[in-house]
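The residues making up each chain are set out below.
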Amino acid sequence: MRVSKNWLSEYIDLSKYSDDDLFKYINFHINEIESYKPMVNATNLTVGRVLECTAHPDSDHLHVCKVEVANNEVLQIVCGAPNVDKDELVIVALVGAVLQGEFKIKPSKIRGVESNGMLCSLQELGIEEKYVPEAYKNGIYNFKEGTVKPGDDPLKALGLDDTVIDLELTSNRSDLLSIEGVAYDLCAALNEKINLKDVKVNFVDKKNPISVKVDTDKCYKYNLRYVEGVKIKESPMWMKARLVASGIRPINNVVDITNYVLMEMGQPLHSFDADKLGNKVVVRLAKNGEKIVTLDNIERELQDTDVVITDGKTPLCVGGVMGGLSTEVTNETVNIALEAAYFDPLSIRKTSSRLNLKSESSVRFERKIDYDRCERALDFACELLEKYADAKVYKDLASDIKVKMPKKYVKITADKINNVLGTELSDKFVNELFDRLNYKYEKNNLEYNIELPSRRMDLEQSAQDIIEDVARMNGYDNIPTTIAQTRDKGYLTYSQKRTRLVRQILAFMGLNEVVNYSLIKESELGYYISKEDLKEPVKVLMPLTEDRAVMRESLLNGVIENIAYNRARKNDNISIFEIGNVHTVNTETLHLAIALNGIYSSLEWKDDKLVSGFFTLKGILEALFDKLNFKVSYKPCKEIDAFHPGRCAYIYHGQNKIGVIGELHPRFAKEHDCKDTVALEIDLTDLINENKGLKYESINKFPSVSRDLAIVVKKDVEADTVLNVIKNTGKKTISNIRIFDLYTGENVGEDEKSLAFSITFEDKTKTLETKDVDDMVERIIKKLEKECNARLR
């Protein structure tokens, strides 16, 4: 919300407060300030009259001007604007002036002709082009004769000698979406009395020719005034300046007046061309498939949840969102019907979001407006139409009220406030704060029965909201700091410790942690999950964008996107992990995802590089599991489209499938710019909750014996199956076993493969003899022949 300081000054005498004071009071007692700055930063400006304007002797577009800037002071200024002419009143930047972008004006020679200043356009003062009138977009600004004289301050004449306070509002403080609302709070903070506008309309004693009927409870009330004899023309300069300060582009007096009232009182208004409207207004819900062409000249299809303003049959306006083209006010408009209504906030939010139509009006309706201010704001607009559009306003108000808003009350005492805040505020001081906040209340002994003001839509029937207002006005910095009175000590749960340990282990292995959005595209849900494991997703009811429409069911959506993002920026060696929650309609579980791309580690001095691959990633995972004493097994996986069907495996803990590991499919990797990427994801539930502890053993004092064993099995026999047979056969004497070779080719059948194992034997009670080891190897070979149909190579 952009607030004009000059506008605020109509409600409060701010002359005794410096900008530093105002910044402090607003920022500490009302709302956080995003920016506080002059509307125009240009300095050393004046109004000048062009006495002479001749062509430059050495240019086909420059002019040499003699400009009177004060009594008997004439400057020669070279100007290139196409609209400069004799007798024009212009804005002059004198020597020493500083314009937009720190541009300093100095005496100079332009193609041999001296120039002592500059004739300025509004853009050169720092006004955005969208706010500049069409006639002056390509040239300098000219004042109308009689409005100023040489030597006057042009910023004051234009209403640009103002300061704009940009408030970063929270969604609940919709009362601050108006100058009047900000003034109420600022008066409370400064302990000043607010000067409210006294609205006076000279009504014409005529009956409103238009009747109003509300047929839906999505419109609480609807008011309509008939205004005749409107003259469409330019708005006064001060009004245009205040609209520009508020971030609104001036258009014409009728449109500007409705926008002016919107910004001052927070009440959205809409004006219809009364001659196109007919003699009846019916507010109802739209019919499914009903269509309307809105003011932006786009045909929109409506649903039965949208509020429409009709002539009894045809939709003329999307209530609270945008008017229709058929009843638009144009330069030929003579009579208007002016609307002030209160629409259901949720209904307006749904309609504006679905139609992608956000406006100053819809934002205010969505966040709630002051129910009791509708009629006053409507009459204020009529008063301005009388003054600045030569209009006549009919006395009769057409109105229909569907839903009445009851008054809300809260009971509270100073003791309750102090108990919550830890303060020692006196009852007298609390009473003064309530008066400053313009609360209406009745006091019974020490208890206040407060009627919540209708302008404060954020206040609920709860003492907490009143206490918050007291804390805000007293100053949050005045709340005493105390130490919590508790004997409880904070601690990490076992699962939290294990999760933290996982992070530490992966970081020590050179991986960087990432954090990604929990929301993804719905079309990306099944990328890294098999169809069997994909569950019903959690969908966002009204997503801001399709890219953030559903809750993720896999962390790999974000992690693989991180890989692609880095590769696109020439960062090819990436090792990252993420720990976070994934969601379905019925579950929320903690997962771990890891992705590697490029070189995992290197010793450049000896040209030794470890390229990221499936077994590199598997080694990282197994190192993690070893540290945590967690046992897993692997089974082939071919069901997930994103992974290579021959280089992918499910990860099992006992009988539970807890994750997947693999290399991305070349086609998928190419489409997503993540070539040669390996990734894994596991459910951490078992890992962080399993508490087997660690068992320590003394070093065996007897020597170990190693034997290599190469066997041939069918290609469909899993290496894990062979490993388990070997372990189970010699589990009492085998201390370690690893696969060190996989071979297919000569001397091995086409449907066969050769696996080579290194097996370490040891006995804690004696030194193993050769015969003991030979017997064990023989038993292993026989067992493999029987269970795996294996043969010795």
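Check the entry above for the structure.
Just so it is clear, the structure is predicted and the values come from calculations on it, not from any experiment. (Residues numbered from 1 in each chain as written. Predicted model: local features only at pLDDT ≥ 70, side-chain atom pairs only at ≥ 80, totals over all residues. Heavy atoms only, no water.)

> What is the right way to read the overall build of the protein chain from this model?
A tally of helices and strands in the protein chain yields 20 helices and 43 strands. Computed over C-alpha atoms, the radius of gyration of the protein chain comes to 39 Å, more than 25% over the 28 Å expected from 2.2 N^0.38 for 793 residues, which places it beyond the range of a compact globule. Along the three orthogonal principal directions, the C-alpha set of the protein chain runs to about 120 × 85 × 60 Å. For the protein chain, the proportion of its 793 residues judged to be buried stands at 48%. Sequence-distant contacts in the protein chain: of pairs separated by 6 or more residues, those separated by 24 or more amount to 69%. Of the roughly 41500 Å² of accessible surface on the protein chain, a fraction of 46% belongs to carbon and sulfur atoms. Distance from the positive charge centre (111 side chains) to the negative charge centre (126 side chains) of the protein chain: 4 Å. (Helix = DSSP H or I, 4+ residues; strand = E, 2+ residues; numbered from the N terminus. Rg over C-alpha atoms; globule rule 2.2 N^0.38 Å. Buried < 20%, exposed > 50% of the residue type's maximum accessible area, 1.4 Å probe, protein only. Contact = heavy atoms within 4.5 Å. Areas by Shrake-Rupley, 256 points an atom, 1.4 Å probe, with all protein chains shown as cover. Lys, Arg positive; Asp, Glu negative; His and termini not counted. Charge placed at Lys NZ, Arg CZ, Asp CG, Glu CD.)

> Looking at this structure, how should I read the packing of helix α5 (residues 237-245) against helix α6 (residues 253-265)?
Packed helix pairs are specified by the crossing angle of their axes together with the interaxial distance, meaning the distance between the axes. At a closest axis distance of 10 Å, the pairing of α5 and α6 adopts a crossing angle of 55 degrees. Taken together, α5 and α6 sit at an angle that is classed as oblique. By crossing handedness, the relation of α5 to α6 is classed as left-handed. Counting all contacts with α5, which are made through Trp238, Met239, Lys240, Arg242 and Leu243, the residues of α6 involved are Asp256, Ile257, Asn259 and Tyr260. In terms of residue class, the contact of α5 with α6 is built from five nonpolar, one polar and three charged. (Axes fitted to C-alpha atoms, helices over the stretch in contact; angles between N-to-C directions. Parallel < 35°, antiparallel > 145°, perpendicular 65-115°, else oblique. Left-handed = near helix turned anticlockwise from the far one by under 90°. Nonpolar A, V, L, I, M, F, W, Y, C, P; charged D, E, K, R; others polar.)

> Mind showing me how you'd approach helix α2 (residues 19-29) here?
Given 3.6 residues to a turn, an α-helix orients residues that are three or four positions apart in the same direction. Those residues of α2 not exposed but buried are Leu22, Ile26 and His29. Viewed end-on, α2 has its buried residues packed into an arc of 100 degrees, placing them on one side of the element. Turning to α2, the residues buried within the fold contact α1 (5-8), β2 (33-38), β13 (163-167), α4 (179-190) and α13 (463-474). (Arc of directions from axis to C-beta.)

> Looking at this structure, how should I read the pattern of salt bridges?
Pairing between side chains of opposite charge can happen when their charged atoms approach one another. All chains considered together, the criterion is met by 53 salt bridges. Notably, a salt bridge pairs glutamate 134 with lysine 137, separated by 3.5 Å at the nearest N-O pair. Classification of glutamate 134 as exposed rests on a relative accessible area of 63%. Among the ionic pairs, glutamate 366 bridges to lysine 358, the shortest N-O distance being 2.9 Å. Each of the salt bridges in this network shares a partner with another, and the network as a whole consists of Arg173, Asp175, Asp185, Arg456, Asp458, Asp469 and Arg472. (Salt bridge = Lys/Arg side-chain N within 4 Å of Asp/Glu carboxyl O.)

> Sorry, what's going on with the sheet that holds strand β41 (residues 734-743) here?
The strands that make up a sheet pair up through hydrogen bonds in the backbone, lying either parallel or antiparallel. Pairing within the open sheet is antiparallel, and its four strands lie in the order β41-β42-β40-β43. Whereas interior strands pair on both sides, the edge strands pair on one side only; in this sheet they are β41 and β43 (791-792). Relative to strand β42 (residues 752-761), β41 runs antiparallel, the two being bridged by eight bridges. The residue of β42 that forms the bridge with isoleucine 734 is phenylalanine 761. Where helix α19 (residues 719-729) meets the sheet, it contacts β40 (705-714), β41 and β42, and its direction lies at approximately 35 degrees from that of β42. Taken strand by strand, helix α20 (residues 770-788) contacts β40, β41, β42 and β43, and its axis lies near 15 degrees from that of β40. (Pairing = 2+ DSSP bridges.)

> Which parts of the structure should I look at to understand the packing of aromatic side chains?
How two aromatic rings sit relative to each other is given by the distance of their centres and the angle of their planes. Per the stated rule, a full pass over the model turns up 21 aromatic pairs. Relative to tyrosine 25, the ring of tyrosine 17 has its centre 6.4 Å away and its plane inclined at 80 degrees; by these criteria the two rings are edge-to-face. With a centroid separation of 5.5 Å and an interplanar angle of 85 degrees, the aromatic rings of tryptophan 238 and tyrosine 260 are classed as edge-to-face. Here tryptophan 238, found in helix α5, pairs with tyrosine 260, found in helix α6; they are 22 residues apart in sequence, far enough to count as distant. On the basis of relative accessible area, tryptophan 238 is assigned to the partly exposed category, the value being 31%. Tyrosine 260 sits in the buried class, given a relative accessible area of 2%. A connected cluster of aromatic rings, assembled from ring pairs, spans Trp7, Trp238, Tyr260, Phe380 and Tyr388. Here arginine 455 stacks its cationic end above the ring of tyrosine 184, 3.8 Å away from the centre of that ring. The ring of tyrosine 565 has arginine 569 sitting right over it, with the charged end atom 3.6 Å from the ring centre. (Phe/Tyr/Trp six-rings, centres within 6.5 Å; stacked < 30°, edge-to-face > 60°. Lys NZ or Arg CZ within 6 Å of the ring centre and 35° of its normal.)

These results come straight from atomic positions and should not be treated as a statement about function.
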